[in-house]
Amino acid sequence: MRQRADLRFGFLLVFGRELAWLWRRPLLFALVSTVPLVLMAVLMVIFSAGLATRLPIAVLDLDGSNLSRQIIRAVDATPDTAVVQRVAELAEGRRMVLEGRVHGLLMLPRRLEQDVLAGRRAEVVFFYNIQTMTTGNMTLRGVNAAVPAMEGNLRVSLRSAHGEPLPAAQAALQPLPVQVSPLFNPTMNYAHFLLAALLPTVLQILAVTATAYAVGLDVETPHRMRVLRMLGGGLWQALAGKVLPYTLLFITVLGVADAVLFGVLGMPLRGSLGLLLLSGLLFLLACQGIGLVLALYLPMASAISAATLITGPAFGFMGIGFPRIGMNEFAQAWGAILPGTWYLMARVDQTIRGTPLEYSWRPVFVLLGFVLTLASLVVLRLNVLGARRAAVA
Amino acid sequence: MKALLAVFREEMGRIFFLRPVFAVLIVAAGIYALLYPQPYLNEALRRAPIVAVDKDGTTTSRELLRRVAASPDVSIAFLAPDLAAAEAAIWRREAHGILLIPADFERYLLHGRPSPIALYADASYFLIYQRINSGVSTAARDLGTQVEASRLVARGLDPGLALAAADPMPLTAVPLFNPQGGYATYVLPAAFVLILQQTLLIGVGLLGTLPGRQKRAGPVATVLGRLLAYLVFETLVLPFYLVALPYLYGLPRLGGAWPMLALALPFTLAVGGMGMMTATLLRRPLAVQLLLGSIGLPFFFLAGFAWPSEAIPELLRPLTFLVPSTAAIDGFVRALQLGAPLTELKRPLLTLWALALLYGGAAMILEALRPKVASGLAT
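Residues numbered from 1 in each chain as written. Chains lettered and ligands numbered in written order. Predicted model: local features only at pLDDT ≥ 70, side-chain atom pairs only at ≥ 80, totals over all residues. Heavy atoms only, no water.

Enquirer: Got a sec to walk through the packing of helix H12 (residues 273–297) of chain A against helix H16 (residues 339–353) of chain A? Specific residues and values, please.
Expert: Residue and element names in this part refer to chain A. Viewed as axis vectors pointing N to C, H12 and H16 meet at an angle of 170°, and their least axial separation amounts to 10 Å. Overall, the two elements H12 and H16 adopt an arrangement that is roughly antiparallel. Residues Leu275, Leu276, Ser279, Gly280, Phe283, Ala286, Cys287 and Ile290 of H12 touch H16, and the partners they reach there are Pro339, Gly340, Tyr343, Ala346, Arg347, Gln350 and Thr351. Taken together, the residues that form the contact of H12 with H16 break down as 9 nonpolar, 5 polar and 1 charged. (Axes fitted to C-alpha atoms, helices over the stretch in contact; angles between N-to-C directions. Helix = DSSP H or I, 4+ residues; strand = E, 2+ residues; numbered from the N terminus. Parallel < 35°, antiparallel > 145°, perpendicular 65-115°, else oblique. Contact = heavy atoms within 4.5 Å. Nonpolar A, V, L, I, M, F, W, Y, C, P; charged D, E, K, R; others polar.)

Next comes the structure, spelled out in structure tokens:
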């Protein structure tokens, strides 16, 4: 019984020492509090609109007819696009695209109205800058919504002009309409898609690097290591006391970010909050585990460099922008060893998807596997270090 | 001038002989060049898996499925007997869409009525959603146009005319500069600029915080001499990132050398100045590494490249230009990928020069204010 009380005492001692330490080290404290909060706040402001609307495009109207003016009005009226500039020739429109002032150029050919009404096919052309892919696709979506709708009206009037009754003409419009329902994110909101994934990514970088740094401070000097172990009264207690203060801080930061996401930016929570929290905790422990392992196996400067190299380019590998099913094998494998990949899966499952529990466990178990594997690596290394020291003594 | 050159020589030496600096400016830059592009190298997402539920089971419904399966965008992972089975595949991430062909699909078509099909596409991953949506819609539209045209032909219309009546005003969308819609072509040119900025920023930050600088000169000569060293260094690294890497990864490029060099000069000066300023403020090499390590990702999304600047709140927009990468990504991408000539790059050029003056000037002031410990010891 007494021994048990000692164990708890040791843990608390190390825990308290770490907190006092944090307070006296502004850099370390900033890394686990203000820096992630500020970076996340900036990202939140960037994506606060959620949707990009009224992206500027230019129009080259070679027809100047009623029909062409109607098309321009329709394109301008879609939420995605705004016609900001009329140009007189193709070269001028091209220049505006090159200057980055518009994202696309809609060209309405000469005799458009005449040809269409006479039953000759006349093409409307939309040139769009897809070098900036998101923006390009969004402007295309706007034009794609407006022009085919106009074409539909035309077909109905063309056919009823040929004596077909109106309902029949309307039915023939789209013999095979596709009713598309976007599952899970019906408004295609970027805050719920990209921002929700970027916030944990920032935290992943900071959790790994800050842990490598905090632990490195102890590992660097053998004396401190001994103090740590003695204070803790055992390996596990010392380790837990060292690491948990940061876990608590990080989970608070993640909680603040998610509170804004759910509360202000309208992110849905369709799954289980408990599972979301559990996977968040395992994710942070896994990140800290990576930081610990790096700090124990490498000198501090190298450990921090390695931490940055692993987590810095991680976002691309986690399959949010470009999905993992489209990646080469190396990228898939590399992504699979990042805790963030699995946490984002669990997050997508529990937030926008609302995945039923029975299908939700895989990413959570993988994260648990990460934590256990990394913990064993840490223990292994600590035992080696301990044995080495014993040999010296 | 002599003092400036002495500072320049010292700084060049430090770049190559200080281990942490070398590790960031050369080793890390090399690793990023290899690692960062990996997720995108397949360029496009092809054959995104969907599940089909064919409640009709007729020749026409199978013809539609055949057309969908033939699309390069989607693949039919399997045919599910009902929606519940299809949904389970979505939950398990084995498929990302459900194509539902209702019973009576063929009968409706034969009767000349619209015969709708339903597509449930996974919008928790936007690129997958787009692929599936465009793949299925294109297949359905093609089949629909054919059905309608054949109806008109059956009514005695000339086939050519029938096609025009079925589709009198087609919209042709012409993607510019990245015609394949490749993801690597999209993201890498901008990401390379950001990596250049971040490695130089951290490198200069380390140079300014690691001990061992000997040469003393006036603040102006000191800052200019160091900037000269960064410029000379970047003549090696910048072309590697912006010319050699795109070539090796097979990214299309239109731009010439002059606009790139014109942008590279103020870009390097601005980032160098910013790095020196940060070094004075952060004071310790570890602080430089730790604080700048996590900042690259937000910088990327500030740039108005991945997320349009028009959608960034107006209040934040002017501040985004304080980071060199915002103007630099805009400038380099338009110069190199779009082939914009210098006359159309005035805005990023002016912004970068303004930042070079701002940060260079700030670095000089901070250098002038710095307590002269070294010289104090010498006297």
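Enquirer: An account of the interface of chain B and chain A is needed here, citing residue identities and associated values.
Expert: Taken together, the contact pairs 105 residues of chain B with 115 residues of chain A. Taken together, the connections running from chain B to chain A amount to 2 salt bridges. A salt bridge links arginine 93 of chain B to aspartate 349 of chain A; the nearest nitrogen and oxygen atoms lie 2.7 Å apart. At the boundary of chain B with chain A, the tally comes to 34 residue pairs in polar contact (both at pLDDT 80 or more). No other element matches the 15 residues that helix H6 (residues 126–154) of chain B contributes to the side of chain B that touches chain A. A breakdown of the residues in the side of chain B that touches chain A according to their chemical character gives 72 nonpolar, 19 polar and 14 charged. Bridge count for strand S5 (residues 178–183) of chain A against strand S4 (residues 117–122) of chain B is 6 bridges, and the pairing is parallel. Paired with leucine 183 of chain A across the two strands is aspartate 122 of chain B, which belongs to S4 of chain B. (Salt bridge = Lys/Arg side-chain N within 4 Å of Asp/Glu carboxyl O. Polar contact = N/O pair within 3.5 Å; in protein donor to acceptor, adjacent residues only side chain to side chain. Pairing = 2+ DSSP bridges.)

Enquirer: Describe in detail helix H10 (residues 257–282) of chain B, supporting the description with residues and values.
Expert: Its 26 residues give H10 of chain B an end-to-end C-alpha distance of 36 Å, which sits within 8% of 38 Å, the value for a rise of 1.5 Å per residue. Positioned one or two residues after H10 of chain B, arginine 283 of chain B has a phi angle of 70°, which is positive. (Expected span 1.5 Å × (residues − 1).)

Enquirer: Please provide a residue-by-residue account of the pairing of strand S3 (residues 104–108) of chain A, values included.
Expert: All names here are of chain A. Judged by how many residues are buried, S3 sits mostly within the fold: 5 of 5 residues are covered. Burial along S3 is two-sided: the face carrying Gly104, Leu106 and Leu108 and the face carrying Leu105 and Met107 are both buried. Here strand S1 (residues 55–61) runs beside S3; their pairing, made up of 4 bridges, is parallel. What sits directly across from aspartate 61, in S3, is leucine 108. Pairing of S3 with strand S4 (residues 124–129), which is carried by 4 bridges, proceeds in the antiparallel orientation. Residue glycine 104 lies in a different strand from S4, and its bridge partner there is tyrosine 128. (Buried < 20%, exposed > 50% of the residue type's maximum accessible area, 1.4 Å probe, protein only.)

Enquirer: Let's hear about the packing of aromatic side chains: which residues, and what values?
Expert: Where two aromatic rings form a pair, the distance of their centres and the angle of their planes describe that pair. Going through the model one piece at a time under the given rule, you end up with 26 aromatic pairs over all chains. Measuring from centroid to centroid gives 5.7 Å for phenylalanine 240 of chain B and tyrosine 241 of chain B, while their planes differ by 85°, and the two rings are edge-to-face. A cation sits over an aromatic face here: arginine 17 of chain A above tryptophan 21 of chain A, 4.6 Å from the ring centre. The ring centre of tyrosine 108 of chain B lies 4.4 Å from the NZ or CZ of arginine 113 of chain B, which sits over that ring. (Phe/Tyr/Trp six-rings, centres within 6.5 Å; stacked < 30°, edge-to-face > 60°. Lys NZ or Arg CZ within 6 Å of the ring centre and 35° of its normal.)

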